[in-house]
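Secondary and tertiary structure notes
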Amino acid sequence: MRTRVAWLAGQLVLTLAVASVAVFWVLRVLPGDSAVVALGVNATPEALDQWRAAHGTDRPLIVQYLDWMGGLLHADFGTSFVTGRDLTALILDRVQVTLIIVGLGMLLALLVAIPLGTLAAVHHRSAWGTVIGGASQVGVAVPNFLVGVLLVSFVAVRARWLPAGGWVPPILDPAEFWRHAILPAVALGTVQAAIITRYVRSAVIEVMREDFLRTARASGHTRTTALVHHGLRNAGVPVVTVVGVQLAGMLVGAIVVERVFVVPGLGSLLVDAVNQRDLQAVQSIVMTLVVLVVAINFVVDLLYTVLDPRLRTGREVRA
Amino acid sequence: MTPPALLIEDLTVRTASDRTLVDAVSLTVAPGERVGLIGESGSGKSLTALSVLGLLDENLTASGRVDVGGEHDLLRRPERRLARLRGSAVSMVFQEPMTALDPLVRVGRQVAEVVGLHGRGRASRAVARRRAASLLTEVGLPGAERAYPHQLSGGQRQRVMIAMALANDPGLLVADEPTTALDVTVQAQVLDLMGRLVARRGTGLLFITHDLAVVAQVCERVVVMKDGRVVEQGPVADVFADPRHAYTRTLLAASTLPPRRPSLVEPVPVVEPTALVEPVETPGPPPAIRLAAVTKRYHRSGGVVVDALRGISLDVAPGERFGIVGESGSGKTTTLRLLAGLDTPTSGRIEVAGVTLADITPPDGPTSVPERRPWSPFARRRGTFVAGSRDVARVRADLQLVFQDPMGSLDPRMTVARIVAEPLLNPANRRDLPQGATRRGREALVREVLAAVGLPDDAAQRYPHEFSGGQRQRVSIARALVCRPKVLVADEPVSALDVSVRAQVLDLLARLADERGLTLVLVSHDLAVVRHLCDRVAVMRAGQIVEQGPTEQVWAHPSHEYTRTLQDATPVLPGRV
Amino acid sequence: MSEAATVGPRRRPGVHPQLVIGAVLVALVVVVALVSFAWTPFDPIHAVPADRLQGPSAQHWFGTDRFGRDVLSQLMVGARITLYVGVVAVGIAAVVGIPVGVVAGMRGGVPGAALMRGADVLLAFPGLLLAIVFGAAFGAGTTTAMVALGIGAIPAFARVARSGTLQVMRTDYVLAARAANRPAWAIAWRHVLPNIAGIAVVQASVNFGLAVLAEAALSFLGLGTAPPTPSWGRMLQDSQQFLGTYDYLAIAPGVAIAVAVLGFNLLGDGLRDVLDPRLLGRRR
């Protein structure tokens with residue numbers, strides 16, 4: 001168990017190191033001189049030199065990289081080259097917003113998907129199962145921003161039940177916070193619910209074919225109680241992986257949904273930075289997202305170890 | 001009169017598309033009686049068993065009548081009421097010990113759960129736990145409560161299954177091939193345990209198996225099924241001594257493999273020159289295979305070291321038929337891999353067909369062996385000799401393999417013609433067969449070898465899944481022989497086949513070995529199979545050869561205790577030794 | 001094989017609703033894209049201010065946008081970009097990912113593990129994020145988008161190919177081929193690739209759907225295909241300012257995206273049912 005945690009942590013660090021080099025390379029080195037990017041091709045050499053000295057881009061690349069990384073390790077994202085704003089405060093502020101809607105969306109998705117997927121699996125040979133299966137299949141195909149756009153149109157603009165966009169932090173006004181957070185979370189969660197429903201369904205169907213479920217029935221369980229006592233926990237192991245992967249995907253999916261609802265999250269910040277060619281901000285925002293994605297994968301791997309005793313003892317599972 | 005433990009009348013099982021899988025089966029098990037239900041794959045014996053507990057797949061429908069003890073007409077009961085009977089009035093042990101237990105739950109809890117489910121007056125948790133502990137002790141696993149299934153061996157898991165099945169003292173135990181996946185010695189222990197516990201409780205037993213000898217050992221009465229019907233039933237002694245139905249007779253005949261004709265006085269056979277094989281024998285030929293002090297150590301993840309072979313030595317003369325007998329973990333498969341040059345030994349000397357594959361002096365320390373890369377197994381170390389790829393190629397041209405699983409050893413996406421022709425694509429494999437260089441020449445060779453293994457002409461253009469298990473094994477043999485090797489190594493070639501096919505495939509191997517002057521190495525867990533085919537035998541256990549010699553001598557006068565254990569554990573049909 | 005498995009339900013070959021519906025939807029998108037080269041009802045780019053924001057009618061089936069351009073014509077031409085991005089992205093991912101997976105699966109040991117670790121680092125960058133990064137660094141556009149989406153999908157193909165390869169390499173027929181001294185490339189070509197082709201095709205189909213979604217999202221963010229070339233994602237983006245009044249502007253491209261993705265997903269699922277069980281069924 002301990003060796004496995006150490007091994008996973010090692011992988012985490014290695015992945016982050018490689019990823020940070022890649023991000024730095026792609027965003028700082030490949031696009032060319034940041035000074036030219038910032039000041040335009042017509043800038044005088046003196047102005048460029050001045051800019052470089054001011055922002056430290058005249059130093060060797062490795063020093064710039066280490067400087068950047070050193071800052072990240074202390075949660076210091078530096079200052080934007082373009083806007084001159086303090087990125088640290090900005091990113092930390094925005095990341096909360098994104099995490100809130102992603103978290104709410106996933107919660108919503110799980111609340112819908114787990115019962116629905118199980119139901120679809122149990123009845124997978126009957127009409128009910130087909131209906132749920134078909135509906136989730138369609139749901140997976142719908143882009144989350146279409147859901148968002150339709151929600152805005154019907155719930156916000158036409159019915160005027162909820163605001164079409166904007167954001168109020170929960171500490172400021174909890175009621176208003178909820179009114180603003182619900183639609184983005186629903187837009188993110190609906191599609192996720194469809195995706196996870198499908199995975200829950202196939203995991204449960206898979207587990208219903210397992211010999212040990214037959215054993216449970218042979219020792220006095222009904223189909224249903226066998227599934228509840230032995231099936232769901234076993235089906236949970238693959239579902240946890242999927243939830244992890246989807247959570248990572250939602251962080252990125254949130255970029256688009258934040259755009260639809262004008263939510264000031266990390267995604268909006270990223271798109272603005274891209275449009276302003278603020279590569280230094282892009283670099284730090286992307287790295288923040290990568291850290292979150294990798295951290296989620298790490299937690300999933302850990303959970304896996306906790307859920308499955310076969311991974312705990314280190315002894316190989318016989319094929 | 002007390003009601004029978006099990007009464008089945010006119011049980012019929014149909015698929016949704018109205019195919020009949022079990023056809024009007026009737027049988028009874030008296031209280032405390034042990035009844036064997038016998039049949040080959042597809043006979044419907046397992047479906048009959050599942051019907052009793054109401055565990056049939058949802059798209060199969062069962063009709064007829066099933067009574068268990070005093071409970072009538074189980075087929076008409078709803079799932080919830082059936083569930084109350086399962087595990088208390090009737091319970092079941094399944095074939096696959098590896099997958100039948102919930103991998104995420106400790107075995108103690110799984111046993112306790114069965115107790116709790118039917119708890120007389122709602123057994124409290126503590127009571128159920130104590131009962132589980134005593135049940136595990138009863139099946140010979142004291143203190144195993146906190147183990148997870150994957151920490152137990154197959155035999156131990158089957159013991160857990162038995163503890164669960166007998167937890168509530170049911171009137172009937174249904175056991176579906178409970179020992180088929182186990183080693184013989186483990187099978188003997190599990191059968192013995194099951195017999196004792198069933199007798200102590202007066203439980204009726206319906207024992208499903210394909211193995212007649214097991215039935216003879218365990219049961220009082222036997223029911224023979226074929227194609228969904230009962231063809232014969234009666235007391236074991238009567239049926240086995242005087243079978244009425246032709247199918248029973250076939251089964252009985254096929255189940256008993258006669259020992260090899262005693263040509264054991266002269267183990268080095270004379271090779272008959274045939275049209276196919278040029279006589280290559282010279283006076284005093286070197287052994288076809290020689291292993292000297294061979295060891296093999298594997299390094300598993302987590303620093304676990306497995307000594308698969310601990311110094312084995314054996315010689316196989318050209319033309320000899322040599323058997324290797326052992327249970328799982330004995331190292332017999334590792335031996336095969338080394339012979340075929342698929343792996344390199346940790347130390348020792350291996351010669352095959354006149355080529356030295358490896359000659360490695362034992363390492364000084366236990367950790368000096370470098371991590372092996374699977375794809376280029378011949379990592380060099382100072383002071384060692386391992387054959388280069390050209391020598392390995394020569395060995396592989398002379399030595400071919402036949403595998404256990406007749407489905408898995410044939411690529412499902414290739415026709416039989418392409419499968420069999422594949423070895424010919426390698427130039428080194430066809431040095432004596434220049435015609436193999438052309439497509440037409442290969443087709444002719446394939447046709448010839450398919451005829452030799454007794455497959456019909458049109459077999460070449462068909463795919464593996466269109467054949468039965470026995471036929472697939474013939475394809476496998478054809479592929480091994482198409483390049484005219486000198487040595488044929490067969491790894492459990494019949495253990496996945498039905499009894500009635502087993503003898504045919506073994507006899508084919510024997511005939512081909514004779515006709516083509518092959519040296520045959522047969523690896524099997526089954527002493528009887530080796531005795532049927534081989535001149536000499538080596539008995540392996542835990543990476544060592546405990547005994548070797550002429551088959552009849554080892555059989556009649558085993559010198560090692562383990563050989564005797566193995567022999568005693570192997571179930572035999574009465575009066576047919 | 002257990003007795004129950006041989007008598008269990010078996011789908012009749014040929015009749016497979018998911019496969020059929022999926023194939024029909026995909027074919028619809030492909031045909032529309034092909035037809036758009038030869039004919040569209042109106043010029044999809046030419047603005048006709050007099051006809052702006054007309055609802056669906058006999059003349060303009062799906063109405064017109066704020067510049068008076070015909071929505072149906074834009075949808076038809078947009079199908080091209082959608083398919084183009086999908087084909088190139090999936091192509092890049094498959095061409096790089098499958099060999100990586102096969103080599104990693106066949107070699108094992110340190111080189112195999114290193115290859116897979118390399119591919120796994122990419123997992124930290126979901127396709128959309130990678131496309132945004134590339135867009136920031138090299139300028140947004142169709143080419144950037146499809147290359148980024150392709151690279152982002154490499155680990156998915158590599159993983160599928162590797163697990164399939166590992167399964168095939170464990171079989172006795174590979175052992176038989178090795179015992180017959182066949183070289184590694186021959187085993188890869190004759191045994192591994194044909195046997196993992198099925199799961200690779202399924203993966204391709206599923207990833208195609210993902211690429212369509214991601215391209216639409218990028219265009220929606222203004223980081224995809226540049227105007228005036230019509231693309232479904234940007235049509236949706238353009239519709240935002242008319243929400244609640246001209247909803248058809250959002251619904252038409254939205255449904256188009258959903259139909260295309262649904263088609264590829266169904267196709268993938270159907271193919272999985274048809275192709276995959278043979279590979280899995282041999283495990284026992």
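Cut-off values and rules
Along each chain, residues carry numbers from 1 onward, in the same order as the chain's sequence is written. Whichever chain is written first is A, and whichever ligand is written first is 1; the rest continue in order. Owing to the predicted nature of the model, reporting of local features is limited to residues with pLDDT of at least 70; listing and counting of side-chain atom pairs is limited to 80 or more, with chain, interface and lining totals taken over all residues. The side-chain figures draw on all heavy atoms in the structure; neither hydrogens nor water molecules are used. Where helices and strands are cited, they refer to DSSP runs of H or I of at least four residues and of E of at least two residues respectively, numbered from the N terminus. Whether a residue is buried, partly exposed or exposed follows from its accessible area with a 1.4 Å probe, protein chains only, as a fraction of its type maximum: under 20%, in between, or over 50%, in that order. In what follows, residue pairs with any heavy atoms lying within 4.5 Å of each other are defined as contacts. Note on areas: these come from Shrake-Rupley sampling with a 1.4 Å probe, and a residue is covered only by the protein chains present in the view. Without a salt bridge and with relative accessible area above 30%, a residue can belong to a patch; like charges are then joined within 9 Å and nonpolar side chains (Val, Leu, Ile, Met, Phe, Trp, Tyr) within 5 Å. Should a side-chain nitrogen of Lys or Arg be within 4 Å of a carboxyl oxygen of Asp or Glu, the pair is scored as a salt bridge. Lines fitted to the C-alpha atoms define the axes, with helices restricted to the stretch that makes contact. Angles between their N-to-C directions range from 0 to 180 degrees. An angle below 35 degrees is treated as roughly parallel, one above 145 as roughly antiparallel, one from 65 to 115 as roughly perpendicular, and anything else as oblique. Each helix crossing is assigned a hand: it is left-handed if the near helix lies turned anticlockwise from the far helix by less than a right angle, otherwise right-handed if that turn is clockwise. Under the scheme applied here, ten amino acids are nonpolar (Ala, Val, Leu, Ile, Met, Phe, Trp, Tyr, Cys and Pro), four are charged (Asp, Glu, Lys and Arg), and all others, including Gly, are polar. Note on pairing: two strands pair once DSSP finds at least 2 bridges between them. Put simply, buried Ala, Val, Leu, Ile, Met, Phe, Trp, Tyr and Cys residues joined by side-chain atoms within 4.5 Å make one nonpolar core. What counts as a domain boundary in this text is fixed by an automatic or database domain assignment.

A word on the overall build of chain B
- Of the regular secondary structure elements, chain B holds 18 helices and 20 strands.
- Burial statistics for chain B: of 577 residues in total, 55% are counted as buried.
- Put simply, 70% of the contacts in chain B that link residues at least 6 apart link residues at least 24 apart.
- Surface exposure of chain B reaches about 23,900 Å², of which carbon and sulfur atoms provide 50%.

Details of a nonpolar patch on the surface
- Residues A:Leu107, A:Leu111, A:Val112, A:Leu116 and A:Leu119 make up a contiguous nonpolar surface patch of about 440 Å² in total accessible area.
- By the secondary structure assignment, A:Leu111 is in helix α5 (residues 87-122).

Looking at the packing of helix α11 (residues 266-275) of chain A against helix α12 (residues 279-307) of chain A
All names here are of chain A.
- For the pair α11 and α12, interaxial distance at closest approach is 9 Å and the crossing angle is 150°. Accordingly, the angle class assigned to the pair α11 and α12 is roughly antiparallel. Remark: the crossing between α11 and α12 carries left-handed chirality. Along its contact with α11, which presents Leu-266, Leu-269, Leu-270, Ala-273 and Val-274, the element α12 presents Ala-281, Val-282, Ile-285, Val-286, Thr-288 and Leu-289.
- Split by residue class, the contact of α11 with α12 holds 10 nonpolar, one polar and no charged.

Looking at the sheet that holds strand β2 (residues 20-29) of chain B
All names here are of chain B.
- Spatially, the three strands line up as an open sheet ordered β2-β1-β4, and their pairing is antiparallel. Single-partner strands in this sheet number two, and they are β2 and β4 (60-68). Strand after strand, the sheet turns through a mean of 5° between neighbouring axes, direction not considered.
- Taken strand by strand, helix α1 (residues 45-53) contacts β1 (6-15), β2 and β4, and its axis lies near 110° from that of β1.

Focus: the pairing of strand β17 (residues 487-491) of chain B
Residue and element names in this part refer to chain B.
- Within β17, five of the five residues are buried, which leaves it mostly tucked inside the rest of the structure.
- Along β17, one buried face is formed by Val-487, Val-489 and Asp-491 and the opposite face, lined by Leu-488 and Ala-490, is buried too.
- For strand β16 (residues 399-402) and β17, the ladder comprises four bridges, and the chain directions are parallel. Within β17, the residue paired with Leu-401 across the bridge is Val-489.
- In terms of strand pairing, β17 meets strand β18 (residues 519-524) through five bridges, oriented parallel.

Considering the nonpolar core
- Of all hydrophobic cores here, the largest spans 169 residues; its most connected members are A:Leu270 and A:Val290.
- Of the residues forming this core, the biggest block, 18 residues, is contributed by helix α9 (residues 184-221) of chain C.
- For this core, the two domains that each supply at least three residues are domain 1 (2-73) and domain 2 (94-312) of chain A.
- With 90 residues, the next largest nonpolar core counts B:Leu47, B:Leu191, B:Val198 and B:Val224 among its residues.

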